[in-house]
Amino acid sequence: SDKKWLDLPQKGEFMNWLKTTQNPDLKTPEYMAQKFPEVEKESYKAENQMIFFNPNYVWVNEQEREIILVCLMLNENLWITGKAGLGKSSMLIQFAYEEKIPYIRTACNYEADPTDNFYDQSFDGSKVVYHAQAIGKAFLIASMYGAVIEVQEELNSANEATMITLHSCTDSIRSMETKIGNLTLPTGVKCLIAG
C-alpha cells in the first residue's frame, strides 16, 4: 500500500532526526576519559572516522538506501551478501558520507583473537595502554557522537570464538564486558553493525 508506517529522515537529515526525536544520552570526552582511563583517547575520536570524500556511489533504487536508514534507526544489524565488486561496501561508505556518520571498517579473518573486535593492547613503558578498535571503537564513538556504522568485512571468515563475542554486541541489549570495561550503547544512541 501507499501508507507510510514510519516517517524517514530525508537524505542528510539523520543526525538532526536523532537529536530531536531520540534524546540520545551522549557522553562527554571527560566522562569517557574517566570511565575508560586506560584507553587511548585518540583511538576513539569521531572525527578520525569520518568520510570526507564523496564516493559517488549510484544508488540502485530508493529502497536500497532506506534499508540502511531503517536498520540504523531501529538499531538493527544488516547482513549483506553478494559477489565481489557489486558495491556492498561502497553503499555503506556512501551512506556514512551523506549522513556525516562515523564509519569503521573491520577486516575479519580466521586467525583473529576475539578481543580484536574491541581493543588492541600495547605497553608504553610504564603501563598497559589499550587502543579501541572495531566494535569497541564503534560503541565508544557512538556514545559521544550519537551514531556510527561498523562494518565487519568478510564476516564469514571470522572464527567461531570471534563470532561468539559478537552475540552480545549484535543483540538488542548491545552490551559487552571486556578488559577495558563494560561497553554498552547509551539510550537513544544508534550503531549499525553490518556484516
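Keep in mind that what you see is a predicted model, and the values were worked out from it rather than measured. (Residues numbered from 1 in each chain as written. Predicted model: local features only at pLDDT ≥ 70, side-chain atom pairs only at ≥ 80, totals over all residues. Heavy atoms only, no water.)

1. Observations regarding the side chain of Glu64
In this structure, Glu64 sits in helix 3 (residues 62-73). Here Glu64 is buried and forms no salt bridge, its nearest opposite-charge partner Arg65 lying at an N-O distance of 8.9 Å. Sequence-distant contacts of Glu64, defined by excluding residues within four places in its chain, comprise Tyr57, Trp59 and Met91. (Helix = DSSP H or I, 4+ residues; strand = E, 2+ residues; numbered from the N terminus. Buried < 20%, exposed > 50% of the residue type's maximum accessible area, 1.4 Å probe, protein only. Lys, Arg positive; Asp, Glu negative; His and termini not counted. Salt bridge = Lys/Arg side-chain N within 4 Å of Asp/Glu carboxyl O. Contact = heavy atoms within 4.5 Å.)

2. Quick look at the packing of aromatic side chains
Tallied over the full model, the rule gives three aromatic pairs. Above the face of the Tyr31 ring, Lys27 is positioned so that its terminal group lies 5.0 Å from the ring centre. Over the ring of Tyr97 we find Lys100, and its NZ or CZ is 4.1 Å from the ring centre. (Phe/Tyr/Trp six-rings, centres within 6.5 Å; stacked < 30°, edge-to-face > 60°. Lys NZ or Arg CZ within 6 Å of the ring centre and 35° of its normal.)

3. Things to note about the packing of helix 3 against helix 4 (residues 88-99)
Where helix 3 meets helix 4, the closest approach of the two axes is 11 Å, and the angle between their N-to-C directions is 70°. Judged on the interaxial angle alone, helix 4 and helix 3 are roughly perpendicular. The element helix 3 and its partner helix 4 pack so that their crossing is right-handed. Judged by residue contacts, Glu64, Arg65, Ile68, Leu69 and Leu72 of helix 3 engage Met91, Leu92, Phe95, Glu98 and Glu99 from helix 4. Tallied by class, the residues present in the contact of helix 3 with helix 4 amount to six nonpolar, no polar and four charged. (Axes fitted to C-alpha atoms, helices over the stretch in contact; angles between N-to-C directions. Parallel < 35°, antiparallel > 145°, perpendicular 65-115°, else oblique. Left-handed = near helix turned anticlockwise from the far one by under 90°. Nonpolar A, V, L, I, M, F, W, Y, C, P; charged D, E, K, R; others polar.)

4. Overview of the pairing of strand 4 (residues 147-153)
Of all seven residues that make up strand 4, seven are buried, and the element is covered over most of its length. Side chains of strand 4 alternate between two faces, with Ala147, Ile149, Val151 and Glu153 and Val148, Glu150 and Gln152 buried alike. Pairing analysis gives five bridges linking strand 1 (residues 103-107) to strand 4, with the strands arranged parallel. Across the sheet, residue Tyr103 finds its bridge partner in strand 4, namely Ile149. (Pairing = 2+ DSSP bridges.)

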